[in-house]
Number of protein chains: 2
Amino acid sequence: MQYSERILKTPSSFIRNILKVTDAVDVISFAGGLPNPISFPVDALQASVDHAIRENGSKLFQYSSTQGYALLREYIAAKYKRLHGLDINADDVFITTGSQQALELIGKVLINKGDGIVIEEPGYLGAIQAFTLSEPTFYGVTLENDGLNLEELENALQQPNVKFIYTVPNFQNPTGLTYSKEKRQQIYDIVSKYDVALIEDDPYGELRFQGEPLPYIGAGKLENSILLGSFSKTVTPGMRLGFIITKNKQLMRHIETAKQATDLHTNIFSQYVIYDYLANNDYTEHVKKIIALYKNQSDAMLDAIQEFFPAHVEYTRPDGGMFIWATMNNGASSLDVFHKAMEQKVAFVPGDPFYTSKTDVNTMRLNYTNATPEVIREGIKRLGSIL
Amino acid sequence: MQYSERILKTPSSFIRNILKVTDAVDVISFAGGLPNPISFPVDALQASVDHAIRENGSKLFQYSSTQGYALLREYIAAKYKRLHGLDINADDVFITTGSQQALELIGKVLINKGDGIVIEEPGYLGAIQAFTLSEPTFYGVTLENDGLNLEELENALQQPNVKFIYTVPNFQNPTGLTYSKEKRQQIYDIVSKYDVALIEDDPYGELRFQGEPLPYIGAGKLENSILLGSFSKTVTPGMRLGFIITKNKQLMRHIETAKQATDLHTNIFSQYVIYDYLANNDYTEHVKKIIALYKNQSDAMLDAIQEFFPAHVEYTRPDGGMFIWATMNNGASSLDVFHKAMEQKVAFVPGDPFYTSKTDVNTMRLNYTNATPEVIREGIKRLGSIL
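From a predicted model like this one, the values you see are computed outputs, not experimental measurements. (Residues numbered from 1 in each chain as written. Chains lettered and ligands numbered in written order. Predicted model: local features only at pLDDT ≥ 70, side-chain atom pairs only at ≥ 80, totals over all residues. Heavy atoms only, no water.)

Concerning unusual backbone geometry
The condition that has to hold: Helix and strand assignments follow DSSP, with helices taken as H or I runs no shorter than four residues and strands as E runs no shorter than two, numbered in order from the N terminus. Type-normalised accessible area, obtained with a 1.4 Å probe on protein chains alone, sets the label of each residue: buried when under 20%, exposed when over 50%, and partly exposed for intermediate values.
The linkage connecting A:Asn173 with the following residue, A:Pro174, adopts the cis geometry, with an omega of 15°. With respect to the helices and strands, the residue A:Pro174 is situated in the loop between β6 (162-167) and α8 (181-191). A positive phi angle is found at A:Asp360, which is not glycine, with a value near 55°. Turning to its location among the elements, A:Asp360 is positioned in the loop between β13 (349-350) and β14 (363-367). A relative accessible area of 52% places A:Asp360 in the exposed class. Notably, B:Arg240 is not glycine yet its phi reads approximately 50°, a positive angle. When you line up the elements, B:Arg240 lands in the loop between β8 (225-230) and β9 (241-245).

As structure tokens, then:
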């Protein structure tokens, strides 16, 4: 059989592939992007299953609306209004099968083969993968310590048929970097001159363990703003619940058609359960506990890096989220180091799959959320010994 | 903003759009394709939530494998081996976010713009919608009382770049028709001469209330067989769990990449719960109850049609499943009749969205699974008065 051009171009997820080896019990893995399972509110979710079934019966089990459960959408709208001052209501919120699906739907409704996508370099590999299905041209813009390089951004936006810019402004995946307030304003000023959408993908924004929360770049201001959120990092990824926020009604209608054609609607059982959980528990307190946990783990990794990594390795110091990004300035290839590291039973993600225009890079992504401080120290020690 | 060509071509679901009007409380609706909610094993599923959490803890809530929960895949493989003699194992089974996603993933991995898809005429509108996202050329083949018209099938397969044939061999949506044993063999003989995949979409196969079960057309025999199944019609559609069975390893690898890029993996919480339900309950007995329920409702609709529909209306007599298909031989347009019917507070789906090459047809789909015999009689009486 002949397969489609788009699938032959789409990279299989490097992370999901290496998980098969890095998940071995004797390997210390900094490779995944998994939340710490002790952060899942298992008992409260179990209680919410019972409560939601008692209150709503068979509605949890029947086919449901494409846009998502109305009360959950109202909850999300009210929260973003309260915390971020966004002038939105439930109709501006669309529930997706995880944030990953949001990315894929947006590609579907906006990208013709060859159209331009501006993306952070390095950028989130799940986004690269999702967008690749629409066969775009990627214009990578260097992600600096305080956000996108502005000159490169202007150049990229002048390319033909650029449809959107994809950003992760808070504790970016893979780098852990956060856009500064000034850079956000400068990016807003640039983007507002062009007829493009600005995607702000914000799965980690609530997981800030230091510094002040910063305003979104375009959400609430730009006509073609698309803000993405998720319950995967603060409640549970297993239920695959994410959401799109946009006030662009035409875009929303097209997303609804794409979603119908793609999987009809998001698991309604899980939507009822998560809504019940949010409505009947102190979510803010719950998130505070995750923040304390991850700050501790991040500190453990930064301390161990300082102790065990050679001086030629530079690394980021995240204000939140799940990742540290390290750069080896001794000419080493991170893919080579990955294989050496696996011999030492320690894993990370080499930088390669995060770039749309480079290979054989000298960078690596280190995740600290899914291991204890003791294990983190041991893993970084092993890794330091081969750098 | 400019939207993609593919989304501008994709029809918004006629059914999902009319549900907004047909769902009014005083309307008798034969429009949806909803299982009867009394068929959902709510108590048993609730018990399975508790049991699955007790046994597996945080695994229900964490990220999980793209291919799906291994024990669920093993269960499905063993069942199809036992009941249908298929020589498959868990690796030949892939869990999807409902069958709808299976259709969309198959389109993604096989169809380049303009490639051919052979589809029943009339055919399942959800499939038409899912495939349209890949911008194919549809070759409609008339669905006769015993299956596809063979001459049209041969002609269609000789068109350029035909990638697959899409069929619903048991109690087809929208017609309720079932392919005869002879026609299945004839189709197999024809298809095996061509390098195309044969999709057999079988969400209703277990809901047979009369006649003998029939062998699949290609599953277990054709190299490029793709068999689709679902838990939506027998357990719960709300959890969005379907599956793909194929022994073509290369196809499976491409589907896995497409699934990664599309939504990472299917809701793992629901996979654990459904598996626990299947492992600890008498599923066969449960399905027998649904069959008895639907047979009773189907009989009620057929009796009422005989009593209230004028003689110019022909209709199918399903051996199972959820639908009856009626054809008006008096020159009426079913869209016109739909509007008149809504004035009488009764709804159905006009035939139009089930065709890829015709509009303004004289056919209608009637669903009988989601109303009591009394309500069915009243609705058919109202409908008969305007035909």
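Considerations on the nonpolar core
To keep it simple, the criterion reads: Throughout, nonpolar core names a set of buried Ala, Val, Leu, Ile, Met, Phe, Trp, Tyr and Cys residues whose side chains join them through atoms within 4.5 Å. Pairs of residues are marked as contacts when any of their non-hydrogen atoms sit within 4.5 Å.
Ranked by size, the top nonpolar core spans 164 residues in total, and within it A:Leu366 and B:Leu366 carry the most contacts. Here the element with the most residues in this core is helix α11 (residues 283-308) of chain A; it accounts for 11 residues. Not counting residues within four places of it along the chain, the set of residues in contact with B:Leu366 comprises B:Phe30, B:Met301, B:Ile305, B:Phe309, B:Met322, B:Phe323, B:Ile324, B:Ala326, B:Phe348, B:Ile380 and B:Leu383.

Structural notes on the sheet that holds β6(A)
Residue and element names in this part refer to chain A. Condition: A pair of strands is treated as paired once DSSP finds two or more bridges between them. Lines fitted to the C-alpha atoms define the axes, with helices restricted to the stretch that makes contact. Angles between their N-to-C directions range from 0 to 180 degrees.
With mixed pairing, 8 strands are arranged side by side in an open sheet as β2-β9-β8-β7-β6-β3-β4-β5. With partners counted over all chains shown, the strands left at the sheet margins are β2 (93-97) and β5 (147-148), one partner each. Inspection of the sheet shows strand β7 (residues 197-201) paired to strand β8 (residues 225-230) by 4 bridges, in the parallel sense. Following the sheet pairing, Leu-198 is matched in β8 by Ser-225. Helix-sheet contacts for helix α5 (residues 98-110) involve β2, β6, β7, β8 and β9 (241-245), and the interaxial angle to β2 is about 110°.

Let's talk about the interface of chain B and chain A
Basically, it comes down to this: The term buried area denotes the loss of accessible surface (1.4 Å probe radius) that occurs when two parts are joined, taken as the sum for both partners. Every case where a carboxyl oxygen of Asp or Glu lies within 4 Å of a side-chain nitrogen of Lys or Arg is listed as a salt bridge. Polar contacts here mean pairs of N or O atoms no more than 3.5 Å apart (in protein, one a potential hydrogen donor and the other a potential acceptor; neighbouring residues in sequence count only if both atoms are side-chain atoms).
The partner chain A presents 77 residues to the 77 residues of chain B that form the contact. Both sides together, the interface formed by chain B and chain A hides about 6600 Å², and carbon and sulfur atoms give 57% of it. Counting every contact that joins chain B to chain A gives 2 salt bridges. A salt bridge links A:Glu104 to B:Lys108, with the nearest nitrogen and oxygen atoms 2.8 Å apart. Summed over the shared surface of chain B and chain A, the number is 41 residue pairs in polar contact (both at pLDDT 80 or more).

A short note on the UniProt feature "domain: Aminotransferase class I/classII large" (unreviewed entry) in chain A
What counts, and what does not: UniProt positions are given in the numbering used here, feature names are shortened, and annotations may be inferred rather than shown by experiment.
Under the local residue numbering, the UniProt record ascribes the feature "domain: Aminotransferase class I/classII large" (unreviewed entry) to residues 46-383 of chain A. Each end of residues 46-383 of chain A is marked by a C-alpha atom, and these two atoms are 39 Å apart; helix forms 42% of the span and strand 18%.

Topic: the packing of aromatic side chains
Rules: Within 6.5 Å between ring centres, the rings of Phe, Tyr and Trp (the latter by its six-membered ring) count as paired, and their orientation is classed by plane angle as stacked under 30 degrees, edge-to-face over 60, tilted in between. Consider the ring centre and the ring normal. A charge sits over the ring if Lys NZ or Arg CZ is within 6 Å of that centre and within 35 degrees of that normal.
Scanning the entire structure with this criterion turns up 25 aromatic pairs over all chains. With centroids separated by 5.8 Å and ring planes inclined at 90°, the aromatic side chains of B:Phe338 and B:Phe348 adopt a geometry described as edge-to-face. Separated by 10 residues along the polypeptide, B:Phe338 in helix α12 (residues 334-343) and B:Phe348 in the loop between β12 (346-347) and β13 (349-350) bring together distant segments of the chain. Residue B:Phe338 is classed as buried on the basis of its relative accessible area, which comes to 4%. Connected via pairs of aromatic rings, a cluster forms that spans A:Phe40, A:Phe61, A:Phe269, B:Phe40, B:Phe61 and B:Phe269. Across from the ring centre of A:Tyr188, 4.9 Å away, lies the NZ or CZ of A:Lys221, which sits over that ring.

Considering the relation of the copies chain B and chain A
Relating one copy of the chain to the other takes a rotation about an axis and a shift parallel to that axis. Filter applied, for reference: Here the copies are matched by least squares. The fit uses the C-alpha atoms of residues with pLDDT of at least 70 in both.
For the pair chain B and chain A, the relating rotation is 180°, the translation along its axis is 0.0 Å, and the fit reaches an RMSD of 0.0 Å. Taken together, the rotation and translation relating the two chain copies correspond to the operation of a two-fold axis. Mapped onto chain A, 100% of the interface residues of chain B again fall at the interface, so both copies present the same surface.

Quick look at the packing of helix α5 (residues 98-110) of chain B against helix α9 (residues 249-263) of chain B
The angle between the axes and the distance between the axes are what describe a pair of packed helices. Residues and elements named next belong to chain B. The condition that has to hold: An angle below 35 degrees is read as roughly parallel, one above 145 as roughly antiparallel, one from 65 to 115 as roughly perpendicular, and any other as oblique. A crossing counts as left-handed when the near helix is turned anticlockwise from the far one by less than a right angle, and as right-handed when that turn is clockwise.
Where α5 meets α9, the axes come as close as 9 Å, and the angle between the chain directions of the two elements is 115°. Accordingly, the angle class assigned to the pair α5 and α9 is roughly perpendicular. Here the hand of the crossing between α5 and α9 comes out right-handed. Of α9, the residues touching α5 (which contributes Gln-101, Leu-105, Lys-108, Val-109 and Leu-110) are Leu-251, His-254, Ile-255, Ala-258, Lys-259, Thr-262 and Asp-263.

Observations regarding the domain arrangement of chain A
Residue and element names in this part refer to chain A. Our working rule: Reported domain spans reflect what an automatic or database domain assignment gives.
Structurally, chain A comprises domain 1 (5-41 + 285-384) and domain 2 (59-280). The C-alpha-based centres of domain 1 and domain 2 are spaced at 24 Å. Each side of the interface is counted separately: domain 1 has 37 residues, and domain 2 has 33 residues. Summed over both sides, the interface of domain 1 with domain 2 buries roughly 3200 Å², with 64% coming from carbon and sulfur. Looking only at domain 1, the three residues that lose the most surface to domain 2 are Asp-319, Phe-354 and Thr-356, adding up to 20% of its buried area.

Details of the sheet that holds β13(B)
All names here are of chain B. The sheet built from 4 strands is open, its strands ordered β10-β11-β14-β13 with antiparallel pairing. Two strands close off the open sheet at either side, each with one partner strand: β10 (313-315) and β13. Two elements, β13 and strand β14 (residues 363-367), share 2 bridges in a ladder whose sense is antiparallel. Following the sheet pairing, Pro-350 is matched in β14 by Met-364.

What to know about the pairing of β8(A)
Residue and element names in this part refer to chain A. With 6 of 6 residues buried, β8 lies mostly within the body of the structure. Of the two faces of β8, both are covered, the one formed by Ser-225, Leu-227 and Gly-229 as well as the one formed by Ile-226, Leu-228 and Ser-230. Bridge analysis of β8 against β9 gives 4 bridges, and the strand direction is antiparallel. From the neighbouring strand, Ser-230 faces β9, where its bridge partner is Gly-242.

Notes on the environment of A:Pro11
For A:Pro11, the position within the fold is in the loop between α1 (5-9) and α2 (14-22). Considered as a pair, A:Pro11 and A:Ile117 are 106 residues apart in the sequence and their alpha carbons are 17 Å apart. If sequence neighbours within four positions are ignored, A:Pro11 has contacts with A:Gln129, A:Thr132 and B:Thr257.

Re helix α11 (residues 283-308) of chain B
Defined as follows: Residue count minus one, scaled by 1.5 Å, sets the expected span of a helix.
For α11(B), built from 26 residues, the straight-helix expectation of 38 Å at 1.5 Å per residue is met to within 8% by its first-to-last C-alpha distance of 37 Å. Measuring from the backbone nitrogen of B:Thr284 back to the side-chain oxygen at the start of α11(B) gives 3.3 Å, which picks out B:Asp282 as the cap.

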